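Below, each chain spelled out in residue letters.
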Amino acid sequence: MAKKKRKRIKRGSPENGQILGVFVFFLLLRIFLLFFYQHASVKYVDIMSVFLCHLVIRLRATGIKSLIWGFLAGLLEDIFSGGVLGVNAFSKTTMAQLSNFIGRKVEISSPTLQIPSAILLFITDIAVKYFIVSTLIGLNLSDKFLISIAVIKVAVNTIIFLVTYAVLR
Amino acid sequence: MKRETAAYIILVLISAALIVARVKVTTIAQLPEKVATKIVYLFESVKRESGEKVRSIVEANRILKENQRLEEENIKLKQKITLCKTLYQENLKLKKLLGIKKHYKIKSIAARVLGWTGDYWQLRFMLDKGSKDGVKEGMAVAGSNGIVGQIRKVYKNYSVAMSVVDPDFSVHVEDFRSKVRGIARGNGRTLNVNYVLPSMDVKVGDLLVATGIGGIFPTGLYIGRVIKVSKSLEEKFLNIVAVPTDRLENNKFVLIMGEVIGKEKKEKNKKR
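Since the structure is predicted, the reported quantities are computational estimates derived from the model, not experimental observations.

Trainee: How would you sum up the overall build of chain B? Please name residues and give values.
Mentor: What chain B contains, in helices and strands, is 3 helices and 12 strands. Partitioning the contacts of chain B with sequence separation of at least 6, the portion at a separation of at least 24 is 57%.

Laid out in structure tokens, this is it:
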């Protein structure tokens, strides 16, 4: 039997203006959180991860574009959080690359796969970040603590993704 | 895909390099704190300055009101002071009158000068005592500094007194210093002392007192002070001009001097 050729799913590239608009929206949101909402629960919110999910899932950005935007978003997150430069840049770039990889296999922007895709991307972001923190920086956290933070972060960011999806639609 | 992978690797390497270099950018992260501090400082300074300005406005307003109140109080106090001074002067005059009353054992009646009667010369004044108080026509009227007039007309409740400078007024006087005697008459403005020979010793500044002749004007009470003494070749007597020591219109209270107390008793005994 002839092997079935896998169809390469082509996604249309979004306009740069559209991406810039979304980016500005999330940047303002991040600034808002920085200046006006200094609360402990804000630590669980990763606005730039949510932006990246919007970029790859809703706007369907792929390839180098998504990598560069991911890198940029990560760098900004490092600057706003006051942490070591490069940690978030690394994790967001990895998120973007993963979305490219998955995107070649399945249609992640389809309604049924949006939420699972977003959750997967958030988990990837958290995993890569804590890997870097523990290996390169030397910060050791207990597994239970790590898992509980991860669960809360994924849940919070997923909710924010859904809310902003509804708003920006 | 190759380009994509290469881009991913490059970006990852850049991130790793940044991590290894341990570059921290804290300026943005600390920005809220700095901005908040500055905003709070700004608000505090505005609040402090505006508070001070409001306080100063309120204080200025309070000071203005206080100033106004003090000014009104000052005016009232000044009026009181003027009144006190007037009362003090009046008190002095009344004490002098009382002294006259005590010194001369004469039945005297204290009377208030009500005002000018409206005569042409402005020399006649109304007093608030009349016949029902024992006032009689011709009685002497004394002020705090001497004789001021004579009762001219008497009514039941009031009387009219003429001033010493009234043309109808005359009194027997004596120079207090040289004891030279004459008759003083009013001329509307001053007193003319008549029947003084040129050889008599009368000088400007001499005090003229009543002699008591006639029993109307008590002896020794001041009448006037000499202001002019002149001799005329044609006239037989000296031309002496005097001014009264006191004026009726300058007194609020006067004494109407009656008969000597001893003399009154003698007359009563005579009638019996």
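Trainee: Tell me what's going on with the confidence of the model for chain B, and back it up with residues and numbers.
Mentor: A low pLDDT means the predicted coordinates there should not be read in detail. Residues and elements named next belong to chain B. The predicted model of chain B has a mean per-residue pLDDT of 85, with 88% of residues at 70 or higher. Per-residue pLDDT stays below 50 along residues 262-266; that stretch engages in 3 contacts with residues further than four places along the chain or on separate chains. We note a pTM of 0.46 for the whole complex and an ipTM of 0.81 for its interfaces.

Trainee: Which residues make up the sheet that holds strand E8 (residues 191-194) of chain B, and what values go with them?
Mentor: All names here are of chain B. Taking strand neighbours around the barrel as the criterion, the 6 strands line up as E6-E7-E8-E11-E10-E9 in a closed arrangement whose pairing is antiparallel. Averaged over all pairs of adjacent strands, the angle between their axes in this sheet comes to 40°, without regard to strand direction. Judged from the 3 bridges that link them, strand E9 (residues 207-210) and strand E10 (residues 222-230) form a sheet pairing that is antiparallel. Looking at the pairing, Leu 208 lines up with Gly 224 of E10.

Trainee: Describe the nonpolar core, listing the residues and the values that go with them.
Mentor: Val141(B), Ala142(B), Ile147(B), Ile223(B), Val254(B) and Ile256(B) are the most contacted members of the largest nonpolar core, which has 45 residues in total. If sequence neighbours within four positions are ignored, Ile256(B) has contacts with Ser108(B), Ile109(B), Ala111(B), Leu127(B), Lys129(B), Val135(B), Met139(B), Val141(B) and Ile151(B). One finds Ile47(A), Val50(A), Val84(A) and Tyr8(B) within the second-largest nonpolar core, a separate group that totals 38 residues.

Trainee: I'd like a rundown of the packing of helix H4 (residues 87-105) of chain A against helix H1 (residues 2-21) of chain B, residues and numbers included.
Mentor: H1(B) packs onto H4(A) with a crossing angle of 165° between their chain directions and a minimal axis gap of 8 Å. It follows that H4(A) is roughly antiparallel to H1(B) by the angle criterion. Our pair here, H4(A) against H1(B), has a crossing hand that is left-handed. Contacts between H4(A) and H1(B) involve Val87(A), Ala89(A), Phe90(A), Thr93(A), Gln97(A) and Asn100(A) from the former and Glu4(B), Tyr8(B), Leu11(B), Val12(B), Ser15(B), Ala16(B), Leu18(B) and Ile19(B) from the latter.

Trainee: Lay out the environment of Ala61(A) in plain terms, naming residues and giving numbers.
Mentor: Within the fold, Ala61(A) resides in the loop between helix H2 (47-58) and helix H3 (63-81). In this structure the C-alpha to C-alpha distance between Ala61(A) and Gly103(A), which are 42 residues apart in sequence, comes to 9.9 Å.

Trainee: I'd like a description of unusual backbone geometry, backed by residues and values.
Mentor: Here the phi dihedral of Arg60(A) falls at roughly 60°; this positive angle occurs in a residue that is not glycine. Residue position: Arg60(A) is located in the loop between H2 and H3. Look at Arg60(A) and you get partly exposed, because 17 C-beta atoms sit within 10 Å. At Lys179(B), a position not held by glycine, the phi torsion is positive, near 65°. Inspection of the secondary structure puts Lys179(B) in the loop between strand E6 (170-175) and strand E7 (181-186).

Trainee: Run through the packing of H2(A) against H3(A), naming residues and quoting values.
Mentor: All names here are of chain A. Look at H2 against H3: their axes get within 9 Å of each other, and the N-to-C directions meet at 165°. Our classification of the angle between H2 and H3 gives roughly antiparallel. In the packing of H2 onto H3, the handedness of the crossing is right-handed. Here Met 48, Phe 51, Leu 52, Leu 55 and Val 56 of H2 lie close against H3, whose contacting residues are Ser 66, Trp 69, Gly 70, Ala 73, Gly 74, Leu 76 and Glu 77.

Trainee: Before we move on, can you summarise H4(A) with the specific residues and values?
Mentor: Here H4(A) contains 19 residues, and its C-alpha end-to-end distance of 28 Å stays within 8% of the 27 Å for a straight helix at 1.5 Å per residue. For H4(A), the tally of buried residues reaches 14 of 19 residues, placing the bulk of the element in the interior.

Trainee: Describe the environment of Leu255(B), with residues and values.
Mentor: Tracing the chain through its elements places Leu255(B) in strand E12 (residues 253-260). Between the C-alpha atoms of Leu255(B) and Ala142(B), which are 113 residues apart in sequence, the distance is 5.1 Å.

Trainee: Outline helix H6 (residues 143-168) of chain A, supporting the account with residue identities and numerical values.
Mentor: Taking 1.5 Å per residue, 26 residues should reach 38 Å; H6(A) reaches 36 Å between its end C-alpha atoms and fits that length. Within H6(A), the full set of buried residues consists of Lys153(A), Val154(A), Asn157(A), Phe161(A) and Thr164(A).

Trainee: Before we move on, can you summarise the pairing of E8(B) with the specific residues and values?
Mentor: Residues and elements named next belong to chain B. Here E8 shows one buried face, formed by Leu 191 and Val 193, and one open face, formed by Asn 192 and Asn 194. In this structure, E7 lies alongside E8, joined through 4 bridges in antiparallel fashion. Following the sheet pairing, Gly 186 is matched in E8 by Leu 191. In sequence, E7 turns back onto E8 through a hairpin of 4 residues, with Gly 188 there showing a positive phi of about 105°. Both E8 and strand E11 (residues 239-244) contribute to a ladder of 3 bridges, which runs antiparallel. Paired with Asn 192 across the two strands is Val 241, which belongs to E11.

The rules we used
Residues numbered from 1 in each chain as written. Chains lettered and ligands numbered in written order. Predicted model: local features only at pLDDT ≥ 70, side-chain atom pairs only at ≥ 80, totals over all residues. Helix = DSSP H or I, 4+ residues; strand = E, 2+ residues; numbered from the N terminus. Contact = placed C-beta atoms within 7 Å. pLDDT = per-residue confidence, 0-100. Pairing = 2+ DSSP bridges. Axes fitted to C-alpha atoms, helices over the stretch in contact; angles between N-to-C directions. Core = buried A, V, L, I, M, F, W, Y, C linked by C-beta atoms within 7 Å. Buried ≥ 20, exposed ≤ 12 C-beta atoms within 10 Å, placed from the backbone. Parallel < 35°, antiparallel > 145°, perpendicular 65-115°, else oblique. Left-handed = near helix turned anticlockwise from the far one by under 90°. Expected span 1.5 Å × (residues − 1).

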